[in-house]
Amino acid sequence: MGASEILTDPSTLYDVGNVEFSDTYTMLTVRNALASVQNGESELYDELVQSMQISKGSDHAVWADLVTILNALSGSVACIDITHHRKLLSSVFGMSLWDLKPHVMDALVGLLISLAATSGKYLDSCLNMLIGHFVPPRWVIDRLSQRRVIDQKFEVLSRVHEALLKISLLVPLAPSRLLPMLAQQMPKINKKDNVVVMYVENLFKLQSSPIGQVGGSMIFMMVMERLRDLDLEIDWDDILQDDSSRGMFDMELEDTMNDGEENTSGGNVVFESLDKLMVISFDHLESCNLDGRLDQVFEKLFGAFENFILNTYKSKVSQFLMFYACSLDPENCGVKFASKLMDIFLSSNKPRPTRMSAVAYLASYLARGKFLPVSFVASMLKRLVDECADYCGACNDDIRPEAHQIFYSGCQAIMYVLCFRMRSILNVPLFRSQLIPLESVLMHRLNPLMVCLPSVVAEFLKQAKAGGMFVVSDSFIFDDLLESELSRAFGGPERLDTFFPFDSCLLKSSNSYISPNFIYWSMVRPTYDEDDDDDEEDAEIIVNGDEESDEEEGDLDYSMNKMSITPKHSFKNKMERERLLKMPSMIRPSPSPESL
């Protein structure tokens, strides 16, 4: 049969039994159908469009015809006109890979790639159609536990990612066009299902591809924003069930994990979705670390954190992406995170709440990061102490707490970190000597001991007294106080005086990633704890290269005794400790309002 017969008898286009029928003849017929509609003859064109409308139950021959037509269209994209062939384009873009057999998927993906690469007019439509597959139809979501559906998910999404990559290579503009579409199609918080989990899986797959080199930052922004939204959707107050009669350091959140588990077992979809998203994100960061990309990815991750999390004071979980990334690479990412937070705190160009939030994150991170060497923690504390000391030296006559919020947030950060790390800091003479200016800061007329959160001040003073850091009067140990009017004044409407962002992670699966590198309060050996064995390692000191030589300590002991607020003494010498603790107080926060 010749080509002329095919053109005059369109029905032969769909006759798969015709062995003389060739791809060349098919392409000629398709092109003739495309051209005919522009001449006012639509019969052949309408049959072409109709041939693409097939149902799932169609037999093999019909599917084979569709593959032939799609392949022919791929070779004829230059003949497709966006005005005259709207019905055809609508039919193509209305198809779903989820409904097709693998060989038909390949033909449709080939057509989409050809359309996207041939004319910029179809690029957006092709990209939109492809990423639309990141949100599967309901029947897929309902059957994701079935092996057949799991296999089909792989068949579909692997082809989608391959197509997106090929298009981005053929059309350099494609990644920049793709990213806004990804953000627009990102599923909202949905209480009926967790399609957002599958969507984020695909976002991370894109981030790991060459497309991620162009749009990696925006992808992390999208994920971080969705994590934040889910985080804020949860009523954490009901889950925490705080007892205001207990001290902050008695309320370690590891004790409330059972309450959190009870809430998840009740079928809270938002809670479960957030947990799954966090796990997916943790796995992605671990994959980046194994591929040697974590250091590069960290910069993008921190940008997303700074944009969406840093100033969100009610988030309880999403910030742990940063914590986990740092735990994977303490020497690089771990140091960078603390340094970036310190830079934000010290920057006069940043808004006051941002600076206060940054130092709250820094304090919580230094206190909780089991992977941080005590030497690094000490170096960060020194910078904070020096900054607060300099502030005292330049202080004006206005002593209202709200006028010195940055100063008080820095002081509280120092005391909070020392509540967790004081024993390990005081055990090293060099680190101890770096805290000497802290006494003058705490004795300054701005009186941080009266303004900062009483629960933090009380624990700090209790340990400082037992550790011989300074001599503290018992009358200034504040018991059972969580907050005060003065701490509320410096904390502002956001209550940054009570903001400790790296308190325990309350999501069960997520916490399994965090807990091995997390210091719980129950693990801390306060300086007033006398029941510990000499050989027991400090739980908060998990270090690499922190060992101080005996020679170095010996060289510093004499100078420390000359410089120290109180003579250096052993924690085990009970009589000496009691003698020192009976000495008059050198740090005496004034209770009079006039001092403020």
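Owing to the predicted nature of the structure, the values given are computational and were not obtained by experimental measurement.

Undergrad: Even after reading the chapter, I still don't get the overall build of the protein chain, so can you show me in this structure?
TA: A tally of helices and strands in the protein chain yields 29 helices and zero strands. Looking at the protein chain as a whole, 53% of its 596 residues are labelled buried. For the protein chain, restricting intrachain contacts to residue pairs at least 6 apart in sequence, the fraction spanning at least 24 positions comes to 77%. When the accessible surface of the protein chain is split by element, carbon and sulfur atoms take 49% of a total near 25,800 Å².

Undergrad: What should I look at first to understand the packing of aromatic side chains in this one?
TA: In this description, a pair of aromatic rings is defined by centroid distance and the angle of the planes. This structure, assessed with the given rule, holds 27 aromatic pairs. Here F204 and F220 contribute two aromatic rings whose centre-to-centre distance is 6.1 Å and whose plane-to-plane angle is 55°, an arrangement assigned as tilted. Highlighted residues: F204 in helix α11 (residues 195–207) and F220 in helix α12 (residues 211–233), separated in sequence by 16 residues. With 5.7 Å between their ring centres and 80° between their planes, Y324 and Y513 make a pair best called edge-to-face. A residue pair is termed long-range when its members are at least 10 positions apart, and Y324 in helix α17 (residues 320–328) and Y513 in helix α27 (residues 508–514) qualify at 189 residues. Through a chain of ring-to-ring contacts, three or more aromatic side chains come together here, namely F302, F305, F320, F323, F337, Y361, Y365, F371, F502, F518 and Y520. One cation-aromatic arrangement involves K340 over F302; the distance from NZ or CZ to the ring centre is 5.3 Å. The side chain of K462 reaches across the aromatic face of Y528, ending 4.3 Å from its centre.

Undergrad: For this particular structure, what's the right way to read the state of the cysteines?
TA: Chemically, a disulfide is nothing more than a covalent bond linking the sulfur atoms of two cysteines. Enumeration over the complete set of coordinates arrives at zero disulfides. The structure places no disulfide on C326, whose sulfur is separated from the nearest cysteine sulfur, that of C333, by 6.3 Å. C452 takes part in no disulfide bond, and the closest cysteine sulfur to it belongs to C411, at a distance of 5.5 Å. A relative accessible area of 1% means that C452 is categorised as buried.

Undergrad: Is there a simple way to explain the packing of helix α15 (residues 269–290) against helix α16 (residues 294–308) in this structure?
TA: The relative placement of two packed helices comes down to the angle between their axes together with the axis-to-axis distance. For the pair α15 and α16, the least separation of the axes is 8 Å and the interaxial angle reads 140°. One finds that α15 runs oblique with respect to α16. On the side of α15, the interface is formed by L285, C288 and N289, while α16 contributes L294, V297 and L301. Classifying every residue of the contact of α15 with α16 gives five nonpolar, one polar and no charged.

Undergrad: Teacher, can you tell me more about helix α2 (residues 23–38) here?
TA: Residue pairs spaced three or four apart in an α-helix point in one direction, given the helix's 3.6 residues per turn. The end-to-end C-alpha separation of α2 is 23 Å, in line with the 22 Å expected for 16 residues at 1.5 Å each. Turning to α2, its buried residues number three or more, namely T26, T29, V30, A33, L34, S36 and V37. Down the axis of α2, the buried set is contained in an arc of 160°. They therefore lie on one face. A positive phi of about 85° marks G40, the residue just after α2.

Undergrad: How do you make sense of helix α3 (residues 43–50) when you look at a structure like this?
TA: Residues of α3 that are buried: L44, Y45, L48 and V49. The arc enclosing the buried residues of α3, seen along the axis, measures out at 140°, which places them on a common side. Exposed residues lying more than 90 degrees from the buried face of α3 are E43 and Q50. If you follow the buried residues of α3, they end up packed against α2, α4 (60–74) and α5 (86–93).

Undergrad: Before we go on, may I ask you to explain the environment of I414 in this structure?
TA: Tracing the chain through its elements places I414 in helix α21 (residues 405–426). The class for I414 is buried, based on a relative accessible area of 1%. The spatial distance from the C-alpha of I414 to the C-alpha of V359 is 9.5 Å, given a sequence separation of 55 residues. Filtering out sequence-adjacent residues up to four positions away, I414 remains in contact with L381, L384, V385, C388 and L438.

Undergrad: Help me out: how do you make sense of the pattern of salt bridges in this one?
TA: Here the idea is simple: oppositely charged side chains can pair when their charged atoms come close. Scanning the entire structure with this criterion turns up 18 salt bridges. Taking the shortest distance from any N to any O, the salt bridge between D124 and R177 comes out at 2.2 Å. Here the residue D124 occupies a position in helix α7 (residues 123–131), and R177 occupies one in helix α10 (residues 174–185), the gap between them amounting to 53 residues. Using a relative accessible area of 24% as the deciding quantity, one classes D124 as partly exposed.

Undergrad: Got a minute to help me understand the confidence of the model for the protein chain in this structure?
TA: Detailed reading of the predicted coordinates is not advisable wherever pLDDT falls low. Summing up the model confidence of the protein chain, the mean pLDDT is 79 and the portion of residues at 70 or higher is 74%. In this model, residues 242–246 is a region of pLDDT below 50 whose contacts with residues beyond four sequence positions or in other chains number six contacts. Counted against residues more than four places away or in other chains, residues 533–545, with its pLDDT under 50, gives 27 contacts.

Undergrad: Just checking my understanding: could you explain the packing of helix α18 (residues 330–346) against helix α20 (residues 374–393) for this structure?
TA: Contact geometry for α18 and α20: axes closest at 12 Å, N-to-C directions at 5°. On the basis of the axis angle, α18 is roughly parallel to α20. Contacts between α18 and α20 involve G334, V335, A338, M342, D343, F345 and L346 on the former and, on the latter, F376, M380, R383, L384 and E387. Within the contact of α18 with α20, the residues separate by chemical class into eight nonpolar, one polar and three charged.

How each quantity is defined
Residues numbered from 1 in each chain as written. Predicted model: local features only at pLDDT ≥ 70, side-chain atom pairs only at ≥ 80, totals over all residues. Heavy atoms only, no water. Helix = DSSP H or I, 4+ residues; strand = E, 2+ residues; numbered from the N terminus. Buried < 20%, exposed > 50% of the residue type's maximum accessible area, 1.4 Å probe, protein only. Contact = heavy atoms within 4.5 Å. Areas by Shrake-Rupley, 256 points an atom, 1.4 Å probe, with all protein chains shown as cover. Phe/Tyr/Trp six-rings, centres within 6.5 Å; stacked < 30°, edge-to-face > 60°. Lys NZ or Arg CZ within 6 Å of the ring centre and 35° of its normal. Disulfide = S-S within 2.5 Å. Axes fitted to C-alpha atoms, helices over the stretch in contact; angles between N-to-C directions. Parallel < 35°, antiparallel > 145°, perpendicular 65-115°, else oblique. Nonpolar A, V, L, I, M, F, W, Y, C, P; charged D, E, K, R; others polar. Expected span 1.5 Å × (residues − 1). Arc of directions from axis to C-beta. Salt bridge = Lys/Arg side-chain N within 4 Å of Asp/Glu carboxyl O. pLDDT = per-residue confidence, 0-100.

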